[in-house]
Amino acid sequence: MEIEQSYDLRLNKYGERIETVGGVSLNLEYWDCDCEENYIHSSKIPYCKICNTYEDDSPNSRMDEVEWHIRENGDEYDRFAETEFVKECFERIMKNDSD
Ligand SMILES: [Zn+2]
């Protein structure tokens, strides 16, 4: 039987959804792939071609890690958001879905 945990959903100052469950805050706009480093991805990019991981199969990123990796160390993934990289990811997902 599952124990009911405290649950909180709010927006941070960037308008991103922050979900807190059992004392752990997750940023629902980001997810972690399986890479050893640079593993935080914006949900705008739902696929990591380096480790072949999809957002749907991955956990959301911890809020504090997003703050550290994305905000303080320079928006690594958002820079890709409007590039060919995103297009390639989506094409791959579409292809994957139709198989
Ligand atoms: Zn990866």
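Residues numbered from 1 in each chain as written. Predicted model: local features only at pLDDT ≥ 70, side-chain atom pairs only at ≥ 80, totals over all residues.

Asker: How would you explain the overall build of the protein chain if you had to name every residue and give the values?
Answerer: Helix and strand counts for the protein chain come out as two helices and seven strands. Going residue by residue from the N terminus, the α and β elements of the protein chain occur as β-β-β-β-β-β-β-α-α. Going through the 99 residues of the protein chain one by one, you find that 18% of them count as buried. A separation threshold of at least 6 residues defines the contact pool for the protein chain, and within that pool the share at least 24 residues apart is 51%. (Helix = DSSP H or I, 4+ residues; strand = E, 2+ residues; numbered from the N terminus. Buried ≥ 20, exposed ≤ 12 C-beta atoms within 10 Å, placed from the backbone. Contact = placed C-beta atoms within 7 Å.)

Asker: For the environment of glutamate 16, give the residues involved together with the corresponding values.
Answerer: Here glutamate 16 is to be found in the loop between strand E1 (7-11) and strand E2 (17-21). Accessibility expressed as a C-beta count within 10 Å gives 16 for glutamate 16, which makes it partly exposed. Counting along the chain gives 13 residues from glutamate 16 to glutamate 29, while the straight-line C-alpha distance between them is 6.1 Å. Once residues within four sequence positions are removed from consideration, glutamate 16 is found in contact with Leu11, Asn27 and Glu29.

Asker: Can you lay out the pairing of E1 for me, pointing to particular residues and giving the numbers?
Answerer: Burial analysis of E1 places just zero of its five residues in the buried class, which makes it a mostly uncovered element. Two elements, E1 and E2, share five bridges in a ladder whose sense is antiparallel. From the neighbouring strand, leucine 9 faces E2, where its bridge partner is glutamate 19. The hairpin turn running from E1 into E2, its antiparallel successor, is five residues long, and glycine 15 in that turn takes a positive phi close to 80°. (Pairing = 2+ DSSP bridges.)

Asker: How would you explain unusual backbone geometry if you had to name every residue and give the values?
Answerer: Look at asparagine 38: it is not a glycine, yet its phi comes out positive at around 50°. For asparagine 38, the position within the fold is in the loop between strand E3 (24-32) and strand E4 (40-42). When the 13 C-beta atoms within 10 Å are taken as the criterion, asparagine 38 is described as partly exposed. The phi dihedral of asparagine 52 falls on the positive side, at around 60°, and the residue is not glycine. One can find asparagine 52 in the loop between strand E5 (47-48) and strand E6 (53-54). Residue classification places asparagine 52 among the exposed residues on the basis of 10 C-beta atoms within 10 Å.

Asker: Could you give an account of the environment of cysteine 33, with specific residues and numbers?
Answerer: Relative to the elements of secondary structure, cysteine 33 occurs in the loop between E3 and E4. Put simply, cysteine 33 and serine 61 are 28 residues apart on the chain and 9.2 Å apart in space, counted from C-alpha to C-alpha. When residues no more than four places from it in sequence are discounted, the contact partners of cysteine 33 are Tyr39, His41, Cys48, Cys51, Thr53 and Ser58.

By themselves, these are just geometric observations and shouldn't be taken as functional.
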